[in-house]
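Chains, contacts and geometry: an overview
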Amino acid sequence: MKAFTYERARSPAEAAAAAAATPGAKFIAGGTNLLDLMKLQVETPAHLIDVNGLGLDKVEATPEGGLRVGALVRNTDLAADPRVRRDYAVLSRAILAGASGQLRNKATTGGNLLQRTRCPYFYDTNQACNKRRPGSGCSAIGGFSRPLAVVGASEECIATYPGDMAVAMRVLDAEVETVRPDGSTRVIPIAEFHRLPGDTPQVETTLAGGELITAVTLPRPVGGVQIYKKVRDRASYAFALVSVAAVVHRDGTGRVALGGVAHKPWRMEAAEAALPQGAKAVTARLLADAHPTTENRFKLPLAERTLAATLAEAKA
Amino acid sequence: MADAGDLELSRRGVLVASAASVAVSAVAAPKAQAQAPDKPSMAKVSFEVNGEPHALELDTRTTLLDALREHLHLTGSKKGCDHGQCGACTVMVGGRRINACLSLAVMHEGDRITTIEGLGSPEHLHPMQAAFVKHDGYQCGYCTPGQICSAVAVLGEIEAGVPSYVSADLTAPSTVTVDELRERMSGNICRCGAYSNIVEAITEVAQAPAAGAQA
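Residues numbered from 1 in each chain as written. Chains lettered and ligands numbered in written order. Predicted model: local features only at pLDDT ≥ 70, side-chain atom pairs only at ≥ 80, totals over all residues. Heavy atoms only, no water.

If you tally the helices and strands in chain B, you get eight helices and five strands. Buried residues in chain B amount to 46% of all 215 residues. Restricting to contacts in chain B with at least 6 residues of sequence separation, those with at least 24 account for 54%. For chain B, the accessible area works out to roughly 10,800 Å², and carbon and sulfur atoms hold 56% of it. (Helix = DSSP H or I, 4+ residues; strand = E, 2+ residues; numbered from the N terminus. Buried < 20%, exposed > 50% of the residue type's maximum accessible area, 1.4 Å probe, protein only. Contact = heavy atoms within 4.5 Å. Areas by Shrake-Rupley, 256 points an atom, 1.4 Å probe, with all protein chains shown as cover.)

Here's what the structure looks like:
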């Protein structure tokens, strides 16, 4: 690990200002992904700003009938919150599908949104990776691509967004609240929060330099049967090959997002119109522009079948 | 003939020497995106471990695991993968289990930390330790301190109503079943494969009267 200086932030605005003013600064919350990457020198921050003491650790009801989840609410606490379990079950299920009990006790809502890809070439500093070192190339293309993206990728990067929580937040139309270095705040719809790689795969979100996530808001409960189904190489504690977050209503309409297939949670509202016709009709639209590799082509039928299983479970 | 103490010392010596050689090769490796300051940065932190207060001045890079093992010489918590994948370093902070390898020591100001040494002693085993012995919940024993810390915390989480991925009904109270224990313990890897005995040990402690009070 490279040496770094360390400070504890006293307010969200001060933290954002310090992050913008200090070269090589990064925020640290749970640290479960950042420290992993720092040990490998994939991340080499010169300065860490600890945001744990900022009081952003509450889940509160909003005047609109939804919930406001502080950026520092731990994964365990969000998944176990009685309101989330009752009204946003897909979110609770998605969080519980990820990582281990130890990691969920540390990992935060804001940090989870910002976790980096698990592309093996991103992790290996001896390999070319446009995300880790822009302009160096992409060793994953033509390499071991089984876990990587099948849709929305580019010639520069075929990494996936690895998380589960954000896939559920995408079907729930969550919004990300932030504070910027000048103290101003803004709200980013989750659909616009994560970016596709394009020719700048190192830019993963629409956050500006120094901008700090303060909360994630969930709109009023949408009802329906809520399911998160995750397919992976072992029964627990593994990243998704494909995952499905779904909200299915009695009349067959609903919402669907896929995890494990793209650089961001993959949802197309237009594809959801086909939900009453079944899984094949939905994934045909969702994955119409897919460009799989020979190694990850299996994700296309796997996505359809995982959605079919999800819809069957919703009807049962 | 070397007694057990000498053997212990020489084994530690080998480990220290191999750690040093890793450090040397890391320094010799080409610089990746060098922007970090070259000089170590020191910071002070105070926390309580197993009921005893400690004040340390540490390189900011020191993980909680290294602070416990190398600075406080509490070597019960083990370093396996050092990347949060194996769970050998599991300790409890404020009663919650975490991977001590993926947490900076300086981020634990004022925290109450419990390691395997704080759960029980050879003379007074924690019920979970006794159950692991009884059910043969280990073979080489390297993952065992993490398994036991995790297991004690798992029963606390079930008691507190924290659901898991395999809980059929998210709104119902959590129960102690084999499926639940296997899912909740998935962050603790045992390469000897003692899993079934570990599940038996945890199940026995869960069924004992006042099991929750032990956490």
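Turning next to the environment of Asp36(A). Mapping Asp36(A) onto the fold places it in helix 2 (residues 34-39). Residues Asp36(A) and Tyr123(A) lie 87 residues apart in sequence; the distance between their C-alpha atoms is 9.7 Å. Leaving out residues up to four positions away in the same chain, Asp36(A) has contacts with Gly31(A), Tyr123(A), His83(B) and Leu102(B). Side chain to side chain, Asp36(A) and Tyr123(A) meet in a polar contact 2.9 Å long. (Polar contact = N/O pair within 3.5 Å; in protein donor to acceptor, adjacent residues only side chain to side chain.)

Next up on the list: the packing of helix 5 (residues 144-159) of chain B against helix 7 (residues 195-207) of chain B. Residue and element names in this part refer to chain B. Two numbers describe how helix 5 lies on helix 7: the axes approach to 11 Å, and their chain directions differ by 40°. On the basis of the axis angle, helix 5 is oblique to helix 7. Pair helix 5 / helix 7 crosses with right-handed handedness. On the side of helix 5, the interface is formed by Gln147, Ala151 and Leu155, while helix 7 contributes Ile198, Ile202, Val205 and Ala206. (Axes fitted to C-alpha atoms, helices over the stretch in contact; angles between N-to-C directions. Parallel < 35°, antiparallel > 145°, perpendicular 65-115°, else oblique. Left-handed = near helix turned anticlockwise from the far one by under 90°.)

It is worth spelling out the side chain of Thr117(A) at this point. Residues and elements named next belong to chain A. Relative to the helices and strands, Thr117 resides in the loop between helix 7 (109-113) and helix 8 (120-123). According to the relative accessible area criterion, Thr117 is buried, its value standing at 3%. Only 3.2 Å separates the side chain of Thr117 from the backbone nitrogen of Cys119, close enough to count as a polar contact. Within the structure, the side chain of Thr117 is placed 2.8 Å from the backbone oxygen of Thr160, a separation counted as a polar contact. Leaving out residues up to four positions away in the same chain, Thr117 has contacts with Phe122, Tyr123, Lys131, Ala159, Thr160 and Pro162.

Let us now look at the interface of chain B and chain A. With 50 residues of chain B in contact, the opposing surface of chain A contributes 53 residues. Of the roughly 4,100 Å² buried between chain B and chain A on both sides combined, carbon and sulfur atoms contribute 52%. Between chain B and chain A we count two salt bridges in total. Among the salt bridges present, the one from Arg96(B) reaches Asp77(A), with a minimum N-O distance of 3.1 Å. (Buried area = accessible area lost by both parts, 1.4 Å probe. Salt bridge = Lys/Arg side-chain N within 4 Å of Asp/Glu carboxyl O.)

Time to look at the nonpolar core. Core analysis: the biggest nonpolar cluster contains 40 residues, and Leu78(A), Leu91(A), Leu113(A), Met169(A) and Leu218(A) have the highest contact counts within it. Broken down by secondary-structure element, the contributors of at least two residues to this core are strand 5 (67-70), helix 3 (75-80), helix 5 (89-97), helix 9 (165-171), helix 10 (190-193), strand 8 (212-218) and strand 10 (242-248) of chain A. For Met169(A), the contacting residues outside a window of four places in its chain are Leu78(A), Leu91(A), Thr109(A), Leu113(A), Ala174(A), Ile190(A) and Val216(A). Residues Leu103(A), Phe47(B), Cys89(B) and Ile113(B) belong to the second largest nonpolar core, which totals 33 residues. (Core = buried A, V, L, I, M, F, W, Y, C linked by side-chain atoms within 4.5 Å.)

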